[in-house]
Amino acid sequence: REVIFLTKEEIEALLETTNIKKWNEFRFRVLVEVLLGTGMRIGEVLSLNRKDINWDKREAKIVGKGNKERRIFFTERSLEWIRKYLESRHDNHEAIFITSGKEPRRLDRAGIWRYFDRHRKLARIDKKLTPHILRHTVATNLVFNGCPLVHVKEILGHDRLDTTCKYYLGIDREQAKRAHKKY
């Protein structure tokens, strides 16, 4: 199965398109940083609350797909973006990601799709760009950097290893080509 993911250059181009001086753009940048820094599903990210994050351990306990509790891990970079974002807010809303306006509420999926499409065009990315593509990007980077599939499974919160294998086992074709030549 062909997996769509962003290259390092496409990630950099995407991140460069955000004008963090505008609050909604800043929030989008933080969302992208969290997606890339955790591999979470978009629903998991949007359900994240302030109290869920253990800043010292750089992790959070969340309820993921199938109503199953699991731990997710943050990169230092993604936590730094969340920290900056929360410091910029003047509310006590429990949700990490909220709407702008006088009566903020938890951000939902409908509120983010246009940002992904807009920034895909600004970054001149010629492939589909969704939160799930960023999840695939995290997984493929883990695989390309030698992370064992069993760990990729845990990071992504897959129930079964065969789900992870189905998507990511044959992803590094160049490495497969070198192995074919060598063996």
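Placed above this text is the structure.
Each chain has its residues counted from 1, running along the sequence as written. Local features in this predicted model are restricted to residues whose pLDDT is 70 or higher, and side-chain atom pairs enter the listing and the counts only when it is 80 or higher, whereas totals over whole chains, interfaces and linings include all residues. Remark: hydrogens and water are excluded; side-chain values derive from all non-hydrogen atoms of the structure.

Undergrad: Requested: an account of the overall build of the chain, with residues and values cited.
TA: A run of H or I in DSSP becomes a helix once it reaches four residues, and a run of E becomes a strand once it reaches two; helices and strands are each numbered from the N terminus. Of regular secondary structure, the chain possesses nine helices and three strands. In the chain, the succession of α and β elements from N to C terminus is α-α-α-β-β-β-α-α-α-α-α-α. For the chain, whose C-alpha radius of gyration is 17 Å, the value lies close to the compact-globule estimate of 16 Å for 183 residues. Each principal axis of the C-alpha atoms in the chain carries an extent, and together these give about 65 × 35 × 25 Å. Working rule for contacts: check all heavy atoms of both residues, and any pair within 4.5 Å makes them a contact. Put simply, of all contacts in the chain between residues at least 6 apart along the chain, 59% involve residues at least 24 apart. Only the protein chains shown count as covering a residue, and every accessible area follows the Shrake-Rupley method with a 1.4 Å probe. Counting every atom, the chain has about 11,000 Å² of accessible surface; 49% of that belongs to carbon and sulfur. This count recognises Lys and Arg as positive and Asp and Glu as negative, with His and chain-terminal groups excluded. For this purpose, a charge sits on NZ of Lys, CZ of Arg, CG of Asp or CD of Glu. Within the chain, one finds 40 positive and 26 negative side-chain charges whose respective centroids are separated by 3 Å. Throughout, the radius of gyration refers to the C-alpha atoms, and the reference size of a globule is 2.2 Å times the residue count to the power 0.38.

Undergrad: Residues and numbers for the pairing of strand β3 (residues 69-73), please.
TA: Accessible area is worked out with a 1.4 Å probe on protein chains only. A residue is then buried under 20% of its type maximum, exposed over 50%, and partly exposed in between. In β3, alternate side chains face the same way, and those of Arg70 and Ile72 are buried while those of Glu69, Arg71 and Phe73 on the opposite face are not. Only strands that DSSP links by at least two bridges are regarded as paired with each other. Note that strand β2 (residues 59-63) and β3 share five bridges and pair antiparallel. When the bridges of β3 are listed, Ile62 appears paired with Arg70. Once β2 ends, the chain turns through five residues before running back antiparallel as β3, passing Gly66 with a positive phi of about 75°.

Undergrad: Just give me the short version of the side chain of Arg135, but keep the residues and values in it.
TA: Along the polypeptide, Arg135 turns up in helix α6 (residues 131-144). We count a salt bridge whenever a side-chain nitrogen from Lys or Arg sits within 4 Å of a carboxyl oxygen from Asp or Glu. With no salt bridge to any partner, buried Arg135 finds its closest opposite charge in Glu44, at an N-O distance of 4.7 Å. Pairs of N or O atoms within 3.5 Å make up the polar contacts considered here, provided that, within protein, one atom can donate a hydrogen while the other can accept it, and that residues adjacent in sequence are counted only when both atoms are side-chain atoms. A distance of 2.5 Å separates a polar side-chain atom of Arg135 from the backbone oxygen of Gly39. Of the polar contacts made by the side chain of Arg135, one reaches the backbone oxygen of Leu156; its length is 2.8 Å.

Undergrad: Which residues make up the side chain of His136, and what are the values?
TA: Structurally, His136 is set in helix α6. Here His136 falls in the buried class, since its relative accessible area comes to 10%. Other than its neighbours up to four places away in sequence, His136 contacts Val3, Ile4, Phe5, Tyr167 and Tyr168.

Undergrad: Quick rundown of helix α5 (residues 113-122)? Include the residues and the values.
TA: Tyr115, Phe116 and His119 are the residues of α5 that are buried. When α5 is viewed along its axis, its buried side chains cluster within an angular range of 100° and face the same direction. Seen from the buried face of α5, the exposed residues on the opposite side, beyond 90 degrees, are Arg114 and Lys121. Looking one or two residues past α5, Arg124 carries a phi angle of roughly 60°, positive in sign. Here the arc refers to the directions that run from the helix axis out to each C-beta atom.

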